[in-house]
Number of protein chains: 2
Amino acid sequence: MSDRQHVTLEDVARTAEVSLATASRALNGTTRVRDDLRERVLSAAAELAYTPNAHAQALAGGSRRTVGVICHDISDPYFAAITRGVMRVADSHGLLVMLAGTFADPDRELACVSTLRAQRASAILLTGSAFEDRAWERRMAAELEPYRRGGGRVAVVTRHRSLKADTIAPDNRGGARALAEAMHRLGHRRFAVVTGPPQLTTVADRVAGFREGLAGAGVELSDRDVFAGSFDRDGGYDATRALLAAKHKATCVLAASDVMAVGAVSALRAAGLSVPEDVSVTGFDDVPLVRDFVPGLTTVSLPLERIGAEALELALDESGATGGRGRVRRLSGEVLVRESTAKPRRRRRG
Amino acid sequence: MSDRQHVTLEDVARTAEVSLATASRALNGTTRVRDDLRERVLSAAAELAYTPNAHAQALAGGSRRTVGVICHDISDPYFAAITRGVMRVADSHGLLVMLAGTFADPDRELACVSTLRAQRASAILLTGSAFEDRAWERRMAAELEPYRRGGGRVAVVTRHRSLKADTIAPDNRGGARALAEAMHRLGHRRFAVVTGPPQLTTVADRVAGFREGLAGAGVELSDRDVFAGSFDRDGGYDATRALLAAKHKATCVLAASDVMAVGAVSALRAAGLSVPEDVSVTGFDDVPLVRDFVPGLTTVSLPLERIGAEALELALDESGATGGRGRVRRLSGEVLVRESTAKPRRRRRG
DNA sequence: CTGTTAGCGCTTTCAA
DNA sequence: TTGAAAGCGCTAACAG
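Just so we're clear, the structure is a prediction, and the values are computed from it rather than from any experiment.

Chemist: Help me understand the overall build of chain A in this model?
Modeler: Regarding its fold elements, chain A presents twelve helices and twelve strands. Relative to a compact globule of 350 residues, whose C-alpha radius of gyration would be 20 Å, chain A shows 26 Å and is clearly more extended. With respect to the principal axes defined by its C-alpha atoms, chain A has extents near 90 × 40 × 30 Å. Within chain A, the proportion of its 350 residues that are buried is 55%. Of the contacts formed within chain A by residues at least 6 apart in sequence, a portion of 74% connects residues at least 24 apart.

Chemist: Honestly, the state of the cysteines in this entry has me stumped. Any pointers?
Modeler: Among covalent bonds in proteins, the disulfide is the one between the sulfur atoms of two cysteines. Within this structure, the stated rule accounts for zero disulfides over all chains. Unpaired in this structure, C112 of chain A has its nearest cysteine sulfur neighbour in C71 of chain A, at a distance of 8.8 Å.

Chemist: Explain the interface of chain A and chain B to me, please; I cannot follow it from the model alone.
Modeler: Think of interface size as the accessible area that goes away when the parts come together; that is how it is often given. Taken together, the 53 residues of chain A in the interface contact 52 residues of chain B. Of all residues in chain A, the largest losses of buried area upon contact with chain B belong to H55, R120 and L289 of chain A, amounting jointly to 14% of the total for that side. Run the count over chain A and chain B and you get six salt bridges. D91 of chain A is the partner of R108 of chain B in a salt bridge, and the nearest nitrogen-oxygen pair spans 3.3 Å. The interface formed by chain A and chain B contains 22 residue pairs in polar contact (both at pLDDT 80 or more). Considering each element in turn, the side of chain A that touches chain B owes the most residues, eight residues, to helix α5 (residues 77-92) of chain A. Taken together, the residues of the side of chain A that touches chain B break down into 27 nonpolar, 14 polar and twelve charged.

Chemist: Explain the relation of the copies chain A and chain B to me, please; I cannot follow it from the model alone.
Modeler: What connects the two chain copies is a rotation about an axis and a shift along it. Overlaying chain A with chain B gives an RMSD of 0.1 Å, the required rotation being 180° about an axis along which the chain moves by 0.0 Å. Between the two chains, the operation in question is that of a two-fold axis. With an isologous cut-off of 70% or more, the 98% of interface residues of chain A that recur at the interface of chain B puts this contact in the isologous class.

Chemist: Would you mind showing me how to read the protein's contact with DNA strand D here?
Modeler: Near DNA strand D there are 24 residues, and of these L9 and Y50 of chain A together with T22, R25 and R34 of chain B occur at the shortest range. For DNA strand D, the fraction of protein-proximal atoms (within 4 Å) that sit in sugar or phosphate groups is 68%. One nitrogen or oxygen atom from the main chain of N53 of chain A is found 3.4 Å from a phosphate oxygen belonging to DNA strand D. One of the backbone nitrogen or oxygen atoms of L59 of chain B is found 3.1 Å away from a base oxygen of DNA strand D. At the level of secondary structure, the elements contributing two or more residues to the surface near DNA strand D comprise α1 (9-16), α2 (20-28) and α4 (54-59) of chain A together with α2 (20-28) of chain B. The greatest single-element share of the surface near DNA strand D, amounting to four residues, is contributed by α2 of chain A. Tallied by class, residues from the surface near DNA strand D come to eleven nonpolar, eight polar and five charged.

Chemist: Just checking my understanding: could you explain the protein's contact with DNA strand C for this structure?
Modeler: Around DNA strand C sit 23 residues in total, of which T22, R25 and R34 of chain A together with L9 and Y50 of chain B are the nearest. Sugar plus phosphate: this is where 63% of the atoms of DNA strand C within 4 Å of the protein reside. T22 of chain A places a polar side-chain atom, nitrogen or oxygen, 2.6 Å from a phosphate oxygen of DNA strand C. Contact between DNA strand C and Y50 of chain B: a phosphate oxygen at 2.4 Å from a side-chain N or O atom of the residue. When contributions to the surface near DNA strand C are tallied by element, the ones reaching two or more residues are α2 of chain A together with α2 and α4 (54-59) of chain B. Counting residues per element, the surface near DNA strand C draws most heavily on α2 of chain B, which supplies four residues.

Chemist: So what exactly am I meant to see when it comes to unusual backbone geometry here?
Modeler: Among all residues save glycine, negative phi is the norm, and among peptide bonds the norm is trans. Cis peptide bonds are those with omega within 30 degrees of zero, and the linkage from V275 of chain A to P276 of chain A qualifies with 5°. Relative to the elements of secondary structure, P276 of chain A occurs in the loop between α11 (258-270) and β9 (280-282). For the bond running from V294 of chain B to P295 of chain B, omega is 0°, close enough to zero to count as cis. For T158 of chain A, which is not glycine, the phi dihedral falls at a positive 50°. Mapped onto the elements of the fold, T158 of chain A is located in the loop between β4 (153-157) and β5 (166-170). Its identity as a non-glycine residue notwithstanding, D286 of chain B has a phi of 60°, on the positive side. A relative accessible area of 6% places D286 of chain B in the buried class.

Chemist: Is there a simple way to think about the pairing of strand β2 (residues 96-101) of chain B in this case?
Modeler: In regular strands, side chains alternate between the two faces of the sheet. Residues and elements named next belong to chain B. Counting buried residues in β2 gives six out of six residues, a clear majority hidden from the surface. Across the two faces of β2 the burial is the same, with L96, M98 and A100 and V97, L99 and G101 all buried. Two strands pair when backbone bridges link them, and strand β1 (residues 66-71) and β2 are joined in this way by six bridges, in the parallel orientation. Residue pairing in the sheet places V67 in a bridge with V97 of β2. Considered for its hand, the β-α-β crossover made up of β1, helix α5 (residues 77-92) and β2 is right-handed.

Chemist: Mind showing me how you'd approach the pattern of salt bridges here?
Modeler: If the charged atoms of two oppositely charged side chains come close together, the side chains can form a pair. Inspection of the entire model under this criterion finds 58 salt bridges over all chains. R32 of chain A serves as the salt-bridge partner of D35 of chain A, at 3.4 Å between the closest nitrogen and oxygen. A residue is classified by how much of its surface remains accessible, and D35 of chain A, at 44% relative accessible area, is partly exposed. Classification of R32 of chain A as exposed rests on a relative accessible area of 67%. D286 of chain B is the salt-bridge partner of R291 of chain B, the closest N and O atoms lying 3.3 Å from each other. Overall, R291 of chain B belongs to the partly exposed group, its relative accessible area being 44%. One connected set of salt bridges, linked through shared partners, spans D73 of chain A together with R84, R88 and E305 of chain B.

Chemist: Help me understand the nonpolar core in this model?
Modeler: Nonpolar side chains in soluble globular proteins tend to be buried together. Ranked by size, the top nonpolar core spans 188 residues in total, and within it L125, L126 and V281 of chain A together with L125, L126 and V281 of chain B carry the most contacts. Apart from the residues lying within four places of it in its own chain, the contact partners of L125 of chain A are G68, V69, I70, V86, A155, A311, L312 and A315 of chain A. In this structure, V7, V12, V33 and A44 of chain A belong to the second largest nonpolar core, which totals 15 residues.

About the criteria used
- For every chain, the first residue of the written sequence is number 1, and numbering continues from 1 along that sequence.
- Each chain takes a letter, starting from A, and each ligand takes a number, starting from 1, following the order in which they are written.
- Local features in this predicted model are restricted to residues whose pLDDT is 70 or higher, and side-chain atom pairs enter the listing and the counts only when it is 80 or higher, whereas totals over whole chains, interfaces and linings include all residues.
- Side-chain measures were taken over the full set of non-hydrogen atoms in the model, leaving aside hydrogen atoms and water.
- Starting at the N terminus, helices and strands are each numbered in turn, a helix being any DSSP run of H or I of at least four residues and a strand any DSSP run of E of at least two.
- The globule rule used for comparison is 2.2 Å times the number of residues to the exponent 0.38, while the radius of gyration itself is calculated over C-alpha atoms.
- Under the scheme applied here, a residue whose accessible area is under 20% of the maximum for its type counts as buried, over 50% as exposed, and between as partly exposed, the area being computed with a 1.4 Å probe on protein chains only.
- In this analysis, two residues are considered to be in contact whenever any of their non-hydrogen atoms come within 4.5 Å of each other.
- Whenever a pair of cysteine sulfur atoms sits within 2.5 Å, that pair is classed as a disulfide.
- Here's the idea: put two parts together, see how much 1.4 Å probe accessible area each one loses, and the total over both is what we call buried area.
- Just to be clear on terms, a salt bridge is a Lys or Arg side-chain nitrogen sitting within 4 Å of an Asp or Glu carboxyl oxygen.
- Whenever a nitrogen or oxygen atom comes within 3.5 Å of another N or O atom, the pair is scored as a polar contact, on the condition that within protein one atom can donate a hydrogen and the other can accept it, and that pairs from neighbouring residues in sequence are kept only if both atoms are in side chains.
- Three residue categories are used. Nonpolar comprises Ala, Val, Leu, Ile, Met, Phe, Trp, Tyr, Cys and Pro, charged comprises Asp, Glu, Lys and Arg, and polar comprises the others, including Gly.
- Superposition of the copies was done by least squares, using only C-alpha atoms of residues whose pLDDT is at least 70 in both.
- Any residue with a heavy atom lying within 4 Å of a molecule or strand is counted as near it.
- At least two DSSP bridges between two strands are required for those strands to pair.
- Note on handedness: a clockwise path from strand one over the helix to strand two, with the strands aimed away from the viewer, defines a right-handed crossover.
- By nonpolar core we mean a set of buried residues, namely Ala, Val, Leu, Ile, Met, Phe, Trp, Tyr and Cys, connected to one another through side-chain atoms within 4.5 Å.

Here you go:
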């Protein structure tokens, strides 16, 4: 046994008394190798507990066995579900997932791409919302372009088309519109929106959808009906507190995500209001655990795991790669009316 | 501009009209470089959108800029929270997280270690429960040992001591014992346990703790009081259905995790029982979103993000590395009695 | 089918 | 300080 740090292919070859090339071939199965030699190599490798150095393999032009996933925050069930879908597909392709978290910081996101680029990930998946910011978009495009030139594949979820990448596009706007319309049909006339930072395209799309749906039904949503917080549970809680403090008369609160809705419901309860008796609340996404909430959250269901899985599949599938513009796969959400929403009461507080 | 795939350091050096070595030094700041040369290198790199090839860097003995995290399922909020903690620390050290999911399959877990070893991750974190299986343990130890010899660091969460790695050990047993005792003090005398596969050490420890706590109070927990399912929401649901089908007379259901408890509550409700009026239910972990459930889930709170953060910190901190046995950092959980548990009724169903 | 050899892109001695 | 050159461990021609 050597006092070297790692067992290398050379050690294996020497032990098996074959050449480096033969050892490599035996291990990778690229070319046929005489059976007894292959046996010798394999047992030598096992005996020495040999593990190939992935860096050397990658450098020698062998493989690119990793994919990068960039999300805002893995502890958000939305991203967790998407990432799970990615991991399933990655696993079935023998790929390792490198996970980068941006915590919704645009600069951090750029840095993540750069890191993943350095790692020569075979694909980069941008799963988080984009930021509505021309300068940022340009910088992102500039970061992505050389990556693509080097053979890297890019897929994005809900992003601006300007990135020209393969895109999985859940219909945030349409889903929000349909949800708002459903709430209007239920009888609601006074609405408030509890939402995240408007620079996030997902947020912007959903709010735009709410606005459209209501406008179509003749209800105007003014800026004073929109309460923004961080795009998480606490943001939903805080925004709802602000709504309460403003003595807003909404009978229905449209939250920009399930997670925000959970915060909203908690804030309403803390204020002594009950859902849906006093106020109806809706979410968006239909994330796993929230399905077991009582009252069941009315929401727009998105196939999150599938979104992750398809994003990676799209990125990995070279065949249909259009020359630059990127393919777009649209997914529609389904409005799920559950118990967190009800007909508004005749009379309300205030 | 070359028609090469990637911009390399050589391109940068040529553009800046310096040697490879100087370019490298200027970029890494390892040695002093004349200011004007450094400037030239930096601007050439920027101009060419140069990104170092991490594989080449790693191979040349430069850096190990990744850590591996192995978990059962990232969409489980328990692992998501731990991973978030890991990512925070990784980020502050400039490390990239490689995430591997085992879906609680022992063989898959072994394979993950091997992959991460190949990637020369600077540390491997085993965050999922171990499996109670001597043969598996031996194989895992055999996989880890050469990794360590090559300078790799290993840290584990809730594992068997036999792995001899740095360990973050939440007190599953003690927490479970305290929780069971608290439920006994509340007045419960008939208990059932809804749990995951007993081969998982976490599960085994928690069930053992429940058993101990109850035994100390004079209540025997027999095998017929324990209902096992998969260690997730559906497992909790299914196990509770089994409990119901067996007409078990428990007034208090102890679930092995919050996520299982969520499934348990849903199953009870579906059967027309209310929590806590008809049956009390407890969880374990105190995962984020479940905190907003109504009724609030009585549980044992574990600092999940901190567990992840400390696991990586421990692994990265060479200073206190004991010569082989591994350091152990114990963390105790806190019993949180909320509204999902109540005094048992005098009379019960059946 | 097997062995020899030339890199992959970078860091790091070692001289200058 | 700077540059030349020797690898890091592996794969993939290219000869045999």
